[in-house]
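Tertiary structure, described
Spelled out from the first residue to the last, the chains are:
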Amino acid sequence: QVQLVESGGGVAHTGGSLRLSCEFSGSPFVIYTMAWYRQPPGGQRDFVSSISSDSITNYEASVKGRFTISRDNSKNTVYLQMNSLKPEDTAVYFCHSEREARAAWARVENWGQGTQVTVSS
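Keep in mind that what you see is a predicted model, and the values were worked out from it rather than measured.

1. Some details on the overall build of the protein
Looking only at helices and strands, the protein has 0 helices and 11 strands in total. Going from N to C terminus, the protein has its helices and strands arranged as β-β-β-β-β-β-β-β-β-β-β. Rg of the C-alpha trace for the protein: 14 Å, near the compact-globule value of 14 Å for 121 residues, within the 12% margin. Dimensions of the protein along its principal axes, counting C-alpha atoms only, are 45 × 25 × 25 Å. Looking at the 121 residues of the protein, the share that counts as buried comes to 38%. Carbon and sulfur atoms make up 47% of the accessible area of the protein, which totals about 6,500 Å². Taken together, the 11 basic and 11 acidic charged side chains of the protein have centroids lying 3 Å from each other.

Here is the structure:
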């Protein structure tokens, strides 16, 4: 059973920084694409960023240039460095994993419990 545990959330001022961490366990980390999603108050859960097993990254347009996703395979951990934070970044941030596989049935997805990020104006 894959487990994802987020940490690093908290409160920051506009223009400040936070670094989120997501620790992965239960399966070989190196074959998983990792991602971050976020859900603002009263809003939907939306994609933020992803990183594949070979470190190919993708970013949602509003965070590109401000956020950086990375992974440390020796620690089974994915990070989201968030700089130049804005009040609009306030949300619960969720870690997500998807097994990289040719067959669709093998692409198992898992979610973490989420960590709160609050950016004050």
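2. Section: the side chain of R71
Residue placement: R71 occurs in strand β7 (residues 67-72). Buried charge without a salt bridge: R71, with E100 as the nearest opposite-charge side chain at an N-O distance of 5.3 Å. Polar contacts involving the side chain of R71 include one to the main-chain carbonyl oxygen of S52, which spans 3.0 Å. Ignoring sequence-local partners within four residues, the contact set of R71 consists of F29, V30, Y32, T33, M34, I51, S52, S53, S55, T77 and V78.

3. Brief notes about the environment of R45
The residue R45 is located in the loop between β4 (32-39) and β5 (46-51) in this model. Residues R45 and F94 lie 49 residues apart in sequence; the distance between their C-alpha atoms is 8.7 Å. Leave out the neighbours within four places in its chain, and R45 touches Y37, R38, Q39, F94 and W111.

4. Quick notes on the environment of Y79
Residue position: Y79 is located in strand β8 (residues 77-82). Residue classification places Y79 among the buried positions, given a relative accessible area of 12%. If we ignore the near neighbours within four places in the chain, the residues touching Y79 are R19, L20, S21, W36, T68, I69, S70 and D72.

5. What to know about the state of the cysteines
Counted under the stated rule, the structure contains 1 disulfide. The partner cysteine of C22 in its disulfide is C95, sulfur to sulfur 2.0 Å. Between C22 and C95, the S-S torsion sits near -90 degrees, and that sign places the bridge as left-handed. Of the two residues, C22 is situated in strand β3 (residues 18-25) and C95 in strand β9 (residues 91-99); the sequence distance between them amounts to 73 residues. The exposure class of C95 is buried, given its relative accessible area of 0%.

6. Some words on the pattern of salt bridges
Under the counting rule described, the total for this entry stands at 2 salt bridges. Put simply, R38 and D89 hold a salt bridge, and the shortest N to O gap is 2.9 Å. Within this pair, whereas R38 is found in strand β4, its partner D89 is found in the loop between β8 and β9, the two being separated by 51 residues in sequence. Each member of the pair, R38 together with D89, is buried. One salt bridge connects R66 with D89, and the closest N-O pair in it is separated by 2.8 Å. Residue R66 is located in the loop between β6 (57-59) and β7, and its partner D89 is located in the loop between β8 and β9; the two are separated by 23 residues in the primary sequence. Accessibility assignment for this pair places R66 and D89 in one class, buried.

Cut-offs applied
Residues numbered from 1 in each chain as written. Predicted model: local features only at pLDDT ≥ 70, side-chain atom pairs only at ≥ 80, totals over all residues. Heavy atoms only, no water. Helix = DSSP H or I, 4+ residues; strand = E, 2+ residues; numbered from the N terminus. Rg over C-alpha atoms; globule rule 2.2 N^0.38 Å. Buried < 20%, exposed > 50% of the residue type's maximum accessible area, 1.4 Å probe, protein only. Areas by Shrake-Rupley, 256 points an atom, 1.4 Å probe, with all protein chains shown as cover. Lys, Arg positive; Asp, Glu negative; His and termini not counted. Charge placed at Lys NZ, Arg CZ, Asp CG, Glu CD. Salt bridge = Lys/Arg side-chain N within 4 Å of Asp/Glu carboxyl O. Polar contact = N/O pair within 3.5 Å; in protein donor to acceptor, adjacent residues only side chain to side chain. Contact = heavy atoms within 4.5 Å. Disulfide = S-S within 2.5 Å.

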